[in-house]
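# Inside the fold
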Amino acid sequence: MRAVVVRRFGGPEVLELVEVAVPEPGPGQVRVRVAAAAVNPVDAVTRSGVLTEAGLMAPRETVGIGWDVAGTVERLGPGVSGFAVGDEVIGLRDRLDVPLGSHADALVLDATALAPAPPGVPAVEAATLPLNGLTALQALDLLDLPAGATLLVTGAAGAVGGFAVQLAVRRGLRVVAVAGERDAALLRELGAEWYVPRDAPDPAAAVRALVPGGVDGALDAALLGVTALGAVRNRGAFVAVAAGAAPPGLRGIRVAHVWVTADGTALAGLAALAARRELALRVADTLPLERAAAAHRRLAHGGLRGRLVLVP
């Protein structure tokens, strides 16, 4: 089968489409025939070698690319229950120390990392849900804010930020969204109560003008760090979504970083929301698997609304 890998780190040009043996599922594992796989910023970071340099990945000769997957169960390993060959599923590869990712014709995952695909939702759309949806959900769990609390979401028009706004509103939180001006109307549709332009001269002051004393918590998807921390009240909560992006816990603010974890049960809950169209899935464009490098170049260029998705 085909798989996108890197054997040296660098720009999009180092991505290779190679022929590899079809992986066999072990105990508790499932092989999924890939129908669609989203392209995320973490894929570019993996390709560049930053994760290896940071000690988050052990050096290896071949590194697989791709975290999200939507596809069909092709083979079950020993001891797997709850899935059958032919089932449509979505899932997340959260391990970095494996040679194959989801940008391939097939992928083996633990059964616990999979969930039934949302009925009636095309695979291309469903593939945008696992990584970013679970990151937003688990970040909100870390914040642990009660209904009625105020939440700042930076990068609110992005993939993680957009899911975070919608899921926060479902929890009864009042959301201040920071994003570009062209996304203000979208954020209102997603449920944000307030909007602050990302190019505001003093974003923290702008937020505090809307929420006197500061918000109860912040989910920093735009990696603003201390700038976003300034909008949080004393002894509030702050969660960063990228390694090394969490600021110090000044003023008694509880600061954490979300390390996304594959969770089939939680993913099934997100899929149910997506199936009812209560969670917006946004696709910027689709490209064939062999154009993975082009997808990475488009991702680096920026300005996308929704995820690019590779289709084998």
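Remember, predicted model here, so these are calculated numbers, not experimental data.

Time to look at the pairing of strand S16 (residues 307-311). The side chains of a regular strand alternate, residue by residue, between the two faces of the sheet. In terms of burial, S16 is largely enclosed, as four of its five residues are buried. Note that strand S3 (residues 29-39) and S16 share three bridges and pair antiparallel. Each bridged residue has a counterpart across the sheet, and for valine 39 the counterpart in S16 is leucine 308. On the question of chirality, the crossover connecting strand S15 (residues 283-288) to the parallel S16 by way of helix H10 (residues 292-301) is right-handed.

Strand order in the open sheet formed by six strands is S11-S10-S9-S12-S13-S14, with parallel pairing between adjacent strands. Pairing within the sheet leaves two strands with one partner each, and these edge strands are strand S11 (194-197) and strand S14 (254-257). In this sheet, neighbouring strand axes are inclined to one another by 15 degrees on average, regardless of whether the strands run parallel or antiparallel. Sheet analysis places strand S13 (residues 232-240) next to S14, joined by four bridges and oriented parallel. Looking at the pairing, alanine 237 lines up with arginine 254 of S14. On the sheet, helix H5 (residues 159-170) packs against strand S9 (150-154), strand S10 (174-179) and strand S12 (215-220) and is oriented at approximately 165 degrees with respect to S9.

A packed helix pair is summarised by two numbers, namely the angle formed by the two axes and the spacing between the axes. The geometry of helix H4 (residues 130-143) relative to H5 is characterised by a closest axis approach of 8 Å and an angle of 50 degrees between their N-to-C directions. In terms of their interaxial angle, H4 and H5 are classed as oblique. As for the relative orientation of H4 and H5, their crossing is right-handed in sense. Each of Asn132, Gly133, Thr135, Ala136, Leu137 and Leu140 in H4 lies in contact with H5, whose residues at this interface are Ala159, Val160, Phe163, Ala164, Leu167 and Ala168.

Space left empty within the atom packing is revealed by a probe, the size of a water molecule, rolled over the atoms. Summed over the entire model, instances satisfying the criterion amount to two cavities of 30 Å³ or more. Here the largest cavity is characterised by a volume of approximately 70 Å³. Together, Thr128, Ala159, Gly162, Phe163, Gln166, Ala280, Arg282, Gly306 and Arg307 line the largest cavity. In terms of residue count, the dominant contributor to the lining of the largest cavity is H5 (four residues). The residue makeup of the lining of the largest cavity, split by class, is three nonpolar, four polar and two charged. By volume, the second largest cavity amounts to about 40 Å³. In terms of lining, the second largest cavity is formed by Leu152, Thr154, Val178, Pro203, Ala204, Val207, Leu224, Thr227, Ala228 and Ala231. Looking at the lining of the second largest cavity, the elements with two or more residues in it are S9, helix H7 (203-210) and helix H8 (226-229). Here the lining of the second largest cavity is composed, by residue class, of eight nonpolar, two polar and no charged.

How each quantity is defined
Residues numbered from 1 in each chain as written. Predicted model: local features only at pLDDT ≥ 70, side-chain atom pairs only at ≥ 80, totals over all residues. Heavy atoms only, no water. Buried < 20%, exposed > 50% of the residue type's maximum accessible area, 1.4 Å probe, protein only. Helix = DSSP H or I, 4+ residues; strand = E, 2+ residues; numbered from the N terminus. Pairing = 2+ DSSP bridges. Right-handed = clockwise from strand over helix to strand, strands pointing away. Axes fitted to C-alpha atoms, helices over the stretch in contact; angles between N-to-C directions. Contact = heavy atoms within 4.5 Å. Parallel < 35°, antiparallel > 145°, perpendicular 65-115°, else oblique. Left-handed = near helix turned anticlockwise from the far one by under 90°. 1 Å grid on protein atoms, 1.4 Å probe; cavity = no way out; pocket = protein on both sides within 12 Å on 5 of 7 lines; lining within 4 Å. Points joined across faces, edges and corners; volume = space filled by probe spheres on them. Nonpolar A, V, L, I, M, F, W, Y, C, P; charged D, E, K, R; others polar.

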